[in-house]
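Topology and contacts: notes
The lines below spell out each chain.
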Amino acid sequence: MSDPSTARTDHIRSGPDAHRRRRRLRPRRWAAVLTVARAVLIAAGLVTAYYLLPLGERGTAGASALLVCGLVAVLLVFLWEVRVIVRSPHPRLKAVEALAATLVLFLVLFAGAYYLLGRSAPGSFSEPLTRTDALYFTLTTFSTIGYGDITARTQTGRVLTMLQMTGGLLLVGVAARVLASAVEAGLRRQRREPSAQPRSGTDAGTPDREAGP
């Protein structure tokens, strides 16, 4: 049998500790909920913009310009997100949000390029592409499923598809590694900050003690 006094002491110790632990977990839970909500809103906003933007008959040059500008935008957004992750109080959650935003922007960008190419150069794909068809083809290519119901037939379409394949590999491999490194840097910064504050307080208080009688 356990000692009643020991059990009472354990209960007293575990009670406040458990309460403090729950209080510490609440901000993390809210941060996780907000991260998921922001990721969903970003994805929904990008897909909505893809369907609402006036992507008219811009020609092959227009599709190329859209692709180049979009890739530069993806790179800039990714670099900005890496910087935010390092400074965020929740780097892991911020990395999830950054990866979701970058991935959706990448997919929507190529879907728009496929749609413009299909409209400006009929016959580039095995069938005329609507916006949904272009997004579907982008997702199947990115996931490497490749059902084969929609295929690129012209050289331009195949080059564009190969660019997406290469970009997808870089996004999965290099970008994920960079985000993981940013998370580690953010966690190291958080560990340094609490330890730096007591030292600064001690250093500040040392002259006062020396100045005493």
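To be clear, the structure that these remarks concern was listed above.
Anyway, here's the lowdown on the structure attached to this text. (Residues numbered from 1 in each chain as written. Predicted model: local features only at pLDDT ≥ 70, side-chain atom pairs only at ≥ 80, totals over all residues. Heavy atoms only, no water.)

What to know about the overall build of the protein
Of the regular secondary structure elements, the protein holds 5 helices and 0 strands. Across the protein, helices and strands are ordered from the amino to the carboxyl terminus as α-α-α-α-α. At a minimum sequence separation of 6, the contacts of the protein that also span at least 24 residues come to 78%. In the structure as shown, the protein presents an accessible area of about 13,700 Å², 65% of it carried by carbon and sulfur atoms. (Helix = DSSP H or I, 4+ residues; strand = E, 2+ residues; numbered from the N terminus. Contact = heavy atoms within 4.5 Å. Areas by Shrake-Rupley, 256 points an atom, 1.4 Å probe, with all protein chains shown as cover.)

Focus on unusual backbone geometry
The backbone of Thr-144 sits at a positive phi, close to 60 degrees, despite the residue not being glycine. One can find Thr-144 in the loop between helix 4 (131–142) and helix 5 (155–210).

What to know about the packing of aromatic side chains
Summed over all chains, the structure comprises 8 aromatic pairs. Look at Tyr-50 and Tyr-51: their rings are 5.1 Å apart centre to centre, the planes differ by 75 degrees, and that puts the pair in the edge-to-face class. Its relative accessible area of 35% is what places Tyr-51 among the partly exposed residues. A connected cluster of aromatic rings, assembled from ring pairs, spans Phe-106, Phe-110, Tyr-114, Phe-125, Phe-137 and Phe-142. (Phe/Tyr/Trp six-rings, centres within 6.5 Å; stacked < 30°, edge-to-face > 60°. Buried < 20%, exposed > 50% of the residue type's maximum accessible area, 1.4 Å probe, protein only.)

Digging into helix 4
Taking 1.5 Å as the rise per residue, helix 4 with 12 residues should run 16 Å; its terminal C-alpha atoms sit 16 Å apart, in good agreement. Restricting attention to buried positions, one finds in helix 4 the residues Arg-131, Ala-134, Leu-135, Phe-137, Thr-138, Thr-140 and Thr-141. Note on helix 4: the residue one or two positions beyond its end, Thr-144, has a positive phi of about 60 degrees. (Expected span 1.5 Å × (residues − 1).)

With respect to the environment of Leu-71
For Leu-71, the location among the structural elements is in helix 2 (residues 59–87). Along the chain, Leu-71 and Phe-106 lie 35 residues apart, while their C-alpha atoms are 7.6 Å from each other.

Details of helix 3 (residues 91–120)
Its 30 residues give helix 3 an end-to-end C-alpha distance of 43 Å, which sits within 8% of 44 Å, the value for a rise of 1.5 Å per residue. Among the 30 residues in helix 3, 21 count as buried, and that is most of the element.

So, the pattern of salt bridges
Scanning the model with the defined rule gives 2 salt bridges in all. Across the pair Glu-97 and Arg-38 runs a salt bridge whose closest N-O atoms are separated by 3.0 Å. Remark: Arg-38 occurs in helix 1 (residues 4–52) and Glu-97 occurs in helix 3; sequence separation between them is 59 residues. For Glu-97, a relative accessible area of 4% corresponds to the buried category. Arg-38 gets classed as partly exposed once you look at its relative accessible area, which sits at 36%. (Salt bridge = Lys/Arg side-chain N within 4 Å of Asp/Glu carboxyl O.)

Points about the side chain of Ser-124
On the secondary structure map, Ser-124 appears in the loop between helix 3 and helix 4. With relative accessibility at 1%, the residue Ser-124 sits in the buried group. In this structure Ser-124 touches Leu-117, Thr-151, Ala-152, Arg-153 and Thr-154, once residues within four positions along its chain are discounted.

Re the side chain of Glu-81
The topology assignment puts Glu-81 in helix 2. Glu-81 has contacts with Lys-94 and Ala-98, leaving out every residue within four places of it along the chain.

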